[in-house]
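Notes for the structure review
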Amino acid sequence: MSLLPKDLNGCPYLQLAPMEGVGDVSFRKAIASVGGFNEAVKDFLRVPSNAHVKSLSKAYNATELDPIPLAAQIMGSDTELMAAMAIELVERGAKRIDVNCGCPSNTVTGRGAGSSLLKDPHVLHEVVKAVVKAVSIPVTIKIRAGYEDTSLFKENLLAAEESGVCYLTLHPRTKVDGYGPPARWELIAEAKSLLKIPIVGNGDILTVEDALKMLHQTGCDALMIGRGSVINPFIFHQIRAHFAGEKYQPKWEELLRYLSTYIESMASDLSIRLKMNKLKQLLSFLFKGNQKLLEHRQKILTYTEPDPEAFLNYAKELLRQDWQEG
Ligand SMILES: Cc1cc2nc3c(=O)[nH]c(=O)nc-3n(C[C@H](O)[C@H](O)[C@H](O)COP(=O)(O)O)c2cc1C
């Protein structure tokens, strides 16, 4: 059976992207309260060279979004430790392990993990193969188009496929690009024509039209959405509805549920300052959602009162004025 099944209307399998920081457990729970996606991927678990895998693996909770599955993602370059971490995560209930070969952060790449693996297809192959061999659940890879440039793009794709992964997710920017220039969707099409394994397309899907364009232009098998879902938490339902020949009309109550789940899921021991920062980040994404909301974004960013509940109520008032159902 396919790991990336379409729904009955032909809608591709939809995944929530891993997003360290902004896409933490409170965001995942909030967007899961809205739903519409098939699976989420937790942000990376770093496996440094001195890793104590048992304790590090506790940061992963397979049932966090029940009934929506949550895949575990690991990042490191030590083959033995990566294999040991994968085994530990299977014991903790993981149904899929994704290997991160894309994180551009210098603190990460400095230690030879994340996007640094893209510098040497042989190393990438060895690391991923070690994980594949260690567990009997599906192992996948999430990859950028290259490190400094795309000169090793094809070699990295082939190394990934040969390592035995079930499918590959491509965010078609290089490490050096960061999140700057537009994602190069033509590279997803190239990957699709080169490899036999399925390809999940990722990068710059902000609307239903973008999703359809990516499918059409690249022929990818499934879609992964990150920032577009923080700007518009209903994007998955809207894509799904399109395939059903319908239009998804998000209700005000759904937005309220999303926001209240977010605030309720924040760790209770978090300082007020951190709670405020997290809320500000979430809301500043949400206020990019349409032109009218965008006009209020500055008010969100410059809000100073240190009271998360009061801040949320203030944001709700702004949203209520300009929230467009549908
Ligand atoms: C704040 C942030 C954190 C991210 N953390 C991760 C991560 O932990 N693992 C990963 O594979 N990708 C991570 N990414 C990359 C996203 O999963 C995704 O590939 C990228 O944002 C492009 O997709 P988008 O345009 O739909 O956001 C992160 C992206 C952002 C913006």
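Throughout what follows, the structure given in this document is the object of discussion. Please read all numbers here as calculations on a predicted model, not as lab measurements. (Residues numbered from 1 in each chain as written. Predicted model: local features only at pLDDT ≥ 70, side-chain atom pairs only at ≥ 80, totals over all residues. Heavy atoms only, no water.)

With that settled, consider the pattern of salt bridges. Under the criterion given, the structure shown has 12 salt bridges. Ionic pairing is found between Lys278 and Asp24, a salt bridge with its closest N-O pair at 2.3 Å. In this pair, Lys278 sits in helix α12 (residues 272-286) while Asp24 sits in the loop between β1 (13-16) and α1 (25-34), placing the two residues 254 residues apart along the sequence. The closest approach of N and O atoms between Lys192 and Asp221, which form a salt bridge, is 2.8 Å. Of this pair, Lys192 sits in helix α7 (residues 185-194) while Asp221 sits in the loop between α8 (208-218) and β9 (222-225), placing them 29 residues apart in sequence. On the basis of relative accessible area, Lys192 is assigned to the partly exposed category, the value being 24%. (Salt bridge = Lys/Arg side-chain N within 4 Å of Asp/Glu carboxyl O. Helix = DSSP H or I, 4+ residues; strand = E, 2+ residues; numbered from the N terminus. Buried < 20%, exposed > 50% of the residue type's maximum accessible area, 1.4 Å probe, protein only.)

A few words on the packing of helix α11 (residues 252-265) against α12. It is the contact of α11 with α12, at a shortest axis distance of 11 Å, that shows an interaxial angle of 155°. Judged on the interaxial angle alone, α12 and α11 are roughly antiparallel. For the element pair α11 and α12, the recorded crossing hand is right-handed. Side by side, α11 and α12 meet where Leu255, Tyr258, Leu259, Tyr262 and Ile263 of the first sit next to Lys278, Leu279, Leu282, Leu283 and Leu286 of the second. In terms of residue class, the contact of α11 with α12 is made up of 9 nonpolar, no polar and 1 charged. (Axes fitted to C-alpha atoms, helices over the stretch in contact; angles between N-to-C directions. Parallel < 35°, antiparallel > 145°, perpendicular 65-115°, else oblique. Left-handed = near helix turned anticlockwise from the far one by under 90°. Contact = heavy atoms within 4.5 Å. Nonpolar A, V, L, I, M, F, W, Y, C, P; charged D, E, K, R; others polar.)

This part covers α12. A rise of 1.5 Å per residue sets the reference length of α12, with its 15 residues, at 21 Å; its end C-alpha atoms lie 21 Å apart and thus fit the reference within 8%. Three or more residues of α12 are buried, namely Lys275, Met276, Lys278, Leu279, Lys280, Leu282, Leu283, Ser284, Phe285 and Leu286. Close packing links the buried residues of α12 with α1, α9 (227-231), α11, α13 (291-295), α14 (297-301) and α15 (308-322). (Expected span 1.5 Å × (residues − 1).)

Turning our attention to the packing of aromatic side chains. Overall, the coordinates contain 4 aromatic pairs when judged by the stated rule. Ring geometry for Tyr303 against Tyr314: centres 5.1 Å apart, planes inclined by 35°, an arrangement best described as tilted. Taken as a pair, Tyr303 in the loop between α14 and α15 and Tyr314 in helix α15 lie far apart in primary sequence, 11 residues in all. Tyr303 gets classed as buried once you look at its relative accessible area, which sits at 13%. A relative accessible area of 31% means that Tyr314 is categorised as partly exposed. An aromatic cluster is present here, built from Tyr303, Phe311 and Tyr314 joined pairwise through their rings. Taking the ring centre of Tyr179 as reference, the NZ or CZ of Arg144 above it sits at 5.0 Å. (Phe/Tyr/Trp six-rings, centres within 6.5 Å; stacked < 30°, edge-to-face > 60°. Lys NZ or Arg CZ within 6 Å of the ring centre and 35° of its normal.)

On their own, these measurements won't tell you what the molecule is for.
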